[in-house]
Amino acid sequence: MNTPEKIEGTVEAWVSGKLGQDENHAKPAPKELEKQIDEALGLQAISIRLNKELIEDFKFIAKHHKIGYQPLMKDALKRFAESEYKRIAVMLSNEKIAIQNEAAVCQEDVTPPPKLAA
């Protein structure tokens, strides 16, 4: 079996970006592969119109954090949704407790007083 020799420093070259980041060697993945990856990761492409100013704000913030603006937007949306979900869960839980407390008070009101010994 004729296997190619490992190029020294390959791991380091990938990590540093010396290998794998040359646009001359990049090509888009086939649509079927993209579909399979999206399905495996539970991703769905959407189209959304945003104010240019908002996009520029995200680009500025993303540049500061040295990441892409779209992953930053995805992360911001995810954090907002998780936070809002928790807020709603707490609100519903508090409503349920209030209803239970109100029911307990009503139950106390209809309980007859204990009989006194003669």
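Predicted, not measured: the structure shown is a model, and the values here were computed from it. (Residues numbered from 1 in each chain as written. Predicted model: local features only at pLDDT ≥ 70, side-chain atom pairs only at ≥ 80, totals over all residues. Heavy atoms only, no water.)

Draft legend 1. Region of the structure containing the overall build of the protein chain. Helices and strands together make up the secondary structure of the protein chain, namely 4 helices and 0 strands. Listing each helix as α and each strand as β along the protein chain from the N terminus yields α-α-α-α. Within the protein chain, the fraction of its 118 residues that count as buried is 6%. When the accessible surface of the protein chain is summed, it comes to about 12000 Å², and 59% of that surface belongs to carbon and sulfur atoms. (Helix = DSSP H or I, 4+ residues; strand = E, 2+ residues; numbered from the N terminus. Buried < 20%, exposed > 50% of the residue type's maximum accessible area, 1.4 Å probe, protein only. Areas by Shrake-Rupley, 256 points an atom, 1.4 Å probe, with all protein chains shown as cover.)

Draft legend 2. Local environment of helix α3 (residues 52–65). Here α3 spans 20 Å end to end across 14 residues, near enough to the 20 Å set by a 1.5 Å rise per residue. At the C-terminal side of α3, K66 shows a positive phi close to 60°. (Expected span 1.5 Å × (residues − 1).)

Draft legend 3. Highlighting the packing of aromatic side chains. Counted according to the given criterion, the structure contains 0 aromatic pairs. A cation sits over an aromatic face here: K59 above Y69, 5.1 Å from the ring centre. (Phe/Tyr/Trp six-rings, centres within 6.5 Å; stacked < 30°, edge-to-face > 60°. Lys NZ or Arg CZ within 6 Å of the ring centre and 35° of its normal.)

Draft legend 4. Inspection of the pattern of salt bridges at higher detail. Following the criterion strictly, the structure yields 4 salt bridges and no others. The salt bridge involving R79 is made with D75; its shortest N-O contact spans 3.0 Å. A residue pair is termed a helical-turn pair when its members lie 3 or 4 positions apart in one helix, as R79 and D75 do in helix α4 (residues 69–110) at 4 residues. We classify D75 as partly exposed; its relative accessible area is 34%. Between E84 and R87 there is a salt bridge, and its shortest N-O distance comes to 2.7 Å. Highlighted residues: E84 and R87, both in helix α4, separated by 3 residues, approximately one helical turn. (Salt bridge = Lys/Arg side-chain N within 4 Å of Asp/Glu carboxyl O.)

Draft legend 5. Here's a closer look at the layout of surface pockets. Of the volumes computed, that of the largest pocket is approximately 710 Å³. The wall of the largest pocket is formed by 19 residues, among which I46, I48, Q70, K74 and L77 lie closest to the centre. Secondary-structure elements contributing two or more residues to the lining of the largest pocket are α2 (31–41), α3 and α4. Per-element accounting of the lining of the largest pocket gives the leading share, 7 residues, to α4. Here the residues of the lining of the largest pocket are counted per class, giving 12 nonpolar, 3 polar and 4 charged. (1 Å grid on protein atoms, 1.4 Å probe; cavity = no way out; pocket = protein on both sides within 12 Å on 5 of 7 lines; lining within 4 Å. Points joined across faces, edges and corners; volume = space filled by probe spheres on them. Nonpolar A, V, L, I, M, F, W, Y, C, P; charged D, E, K, R; others polar.)

Draft legend 6. Region of interest: unusual backbone geometry. Phi is positive for K66, close to 60°, though the residue is something other than glycine. Summarising the element assignment, K66 is placed in the loop between α3 and α4.

Draft legend 7. Summary view of a nonpolar patch on the surface. Residues L33, I37, L41 and L43 make up a contiguous nonpolar surface patch of roughly 350 Å² in combined accessible area. Along the chain, L41 turns up in helix α2. (Patch = residues over 30% accessible without salt bridge, like charges linked within 9 Å, V, L, I, M, F, W, Y side chains within 5 Å.)

Draft legend 8. Examining the confidence of the model for the protein chain more closely. Summarising the model, the protein chain shows a mean pLDDT of 87, and 87% of its residues fall at 70 or more. At the low end of the mean pLDDT range in the protein chain sits helix α1 (residues 10–16), at 81; at the high end sits α3, at 97. (pLDDT = per-residue confidence, 0-100.)

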